[in-house]
Amino acid sequence: MNEIRPRLLAISDLHVAHAENRKIVEGLRPSSEGDWLIVAGDVGESTEQITWALRTLAERFARVIWSPGNHELWTTEQDPVQLRGVERYEYLVDVCRGLGVLTPEDPYALWEGDGGPVRVAPLFLLYDYTFRTPTAADKEQSLAQAYEAGVVCTDEFFLHPDPYAGREDWCAARVEYTERRLAACDPEVPLVLVNHWPLLREPTRILRYQEFAQWCGTERTADWHLRFHTAVAVYGHLHIPRTTHHDGVRFEEVSVGYPREWKRPGHPRNVPRPVLLPGGTP
Ligand SMILES: [Fe+2]
Ligand SMILES: [Fe+2]
């Protein structure tokens, strides 16, 4: 008889191109048959690696819920799948459907275990350069300052927005689509909002290079944790695992990060993280 009660767990930024991170995935096991695992993006870059990691996890956990990170959306020369932008995202959604993994295109699943009921909403919102540097008046100036500082996200070269003109246009479309879906949810049931990028700017203030914040989210979602009944907001991308509270709502950064990061002395290595506190939401 299994004495351990099922948990809702979250992890992100598995970056399985790194052999040592693949070992982490190989070692991930549920502690109970009923555990769910949220995977909040940056599983890897190549479709083969992404598929391997999600399949491995889907075979072990009762439910796996994925939202894409920027790395999954890169179209690199080495990848046999050369689709770009929306077509690449849709390809990955199809891969997930084949594995039984839930995506931002599926109905939001209801967790009824400890801490529930909560609705787990994987979101794909991208970014739009509105987390600008303090002295930039617009996107162009902010981007120019990042190039000058030598702090440019690799997305600029590999994350194509096709068929949209720019990543910010894709972001706007995703925000509008997602906003409609969240507004249609029953406000009585709290939401676990899962997005690779933080929903608001505050968590990026800790970044050493503030120029990087422009690739980390959008001002358009700054009040979503208040507008929608949010139990917890789960994100990654920053590679700074920690818990913060904003307007009384708990935010969990659940990244593994690169080996050079998680091997650093003092790194918490506290993932996968239980999303809900015993006895209900805070
Ligand atoms: Fe990452
Ligand atoms: Fe990322």
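Residues numbered from 1 in each chain as written. Chains lettered and ligands numbered in written order. Predicted model: local features only at pLDDT ≥ 70, side-chain atom pairs only at ≥ 80, totals over all residues.

J.: Help me get a handle on the overall build of the protein chain, residues and values and all.
T.: Along its length, the protein chain carries eight helices and ten strands. Relative to its length of 282 residues, the protein chain is compact, with a C-alpha radius of gyration of 18 Å against a globular reference of 19 Å. Seen along its three principal axes, the alpha-carbon backbone of the protein chain occupies a region of about 60 × 40 × 40 Å. Counting contacts in the protein chain only where the partners sit at least 6 residues apart, residues at least 24 apart contribute 73% of the total. (Helix = DSSP H or I, 4+ residues; strand = E, 2+ residues; numbered from the N terminus. Rg over C-alpha atoms; globule rule 2.2 N^0.38 Å. Contact = placed C-beta atoms within 7 Å.)

J.: How would you summarise the nonpolar core if you had to cite specific residues and measurements?
T.: In this structure, Ile38, Val39, Leu54, Val64, Val192, Val194 and Val234 are the most contacted members of the largest nonpolar core, which totals 68 residues. When neighbours within four sequence positions are excluded, Ile38 is seen to be in contact with Leu9, Ala10, Ile65, Val120, Val194, Val234 and Val275. (Core = buried A, V, L, I, M, F, W, Y, C linked by C-beta atoms within 7 Å. Buried ≥ 20, exposed ≤ 12 C-beta atoms within 10 Å, placed from the backbone.)

J.: I'd like to hear about the pairing of strand β1 (residues 8-11), residue by residue, with values.
T.: On β1, burial covers both faces: Leu8 and Ala10 on one face and Leu9 and Ile11 on the other are all buried. The sheet contact formed by β1 and strand β2 (residues 36-39) spans four bridges and is parallel. Bridged to Leu9 within β2 is Leu37. For the handedness criterion, the β-α-β arrangement of β1, helix α1 (residues 19-27) and β2 is classed as right-handed. Where β1 lies against strand β10 (residues 273-274), two bridges are found, and the strand directions are antiparallel. Looking at the pairing, Leu9 lines up with Pro274 of β10. (Pairing = 2+ DSSP bridges. Right-handed = clockwise from strand over helix to strand, strands pointing away.)

J.: Any chance you could break down the sheet that holds strand β9 (residues 249-253) for me, citing the residues and the numbers?
T.: By way of backbone hydrogen bonds, the strands of a sheet pair with one another, either parallel or antiparallel. On the basis of which strands lie adjacent, the open sheet formed by six strands has the order β4-β5-β6-β7-β9-β8 and mixed pairing. Strand pairing shows two members of the sheet lacking a second neighbour, β4 (109-111) and β8 (242-246), which therefore form its edges. Ignoring strand direction, the axes of neighbouring strands in this sheet form an average angle of 25°. (Axes fitted to C-alpha atoms, helices over the stretch in contact; angles between N-to-C directions.)

J.: Give a description of the pairing of strand β6 (residues 191-195) that names residues and reports values.
T.: Counting buried positions along β6 gives five out of five residues, so the element sits mostly inside the fold. In β6, alternate side chains face the same way, and those of Leu191, Leu193 and Asn195 on one face and Val192 and Val194 on the other are all buried.

J.: Give me the lowdown on unusual backbone geometry, citing residues and values where you can.
T.: A cis amide bond links Gly116 with the next residue in sequence, Pro117, at an omega value of 0°. Val271 connects to Pro272 through a cis peptide bond whose omega is 0°. With a phi close to 75°, His237 is a non-glycine residue in the positive phi region. Assignment of secondary structure puts His237 in the loop between β7 (230-235) and β8. For His237, a count of 25 C-beta atoms within 10 Å gives the class buried. We note that His239 has phi near 60°; this positive angle belongs to a residue other than glycine. As for its position among the elements, His239 is in the loop between β7 and β8.

Remember that the coordinates give geometry; whether it matters functionally is a separate question.
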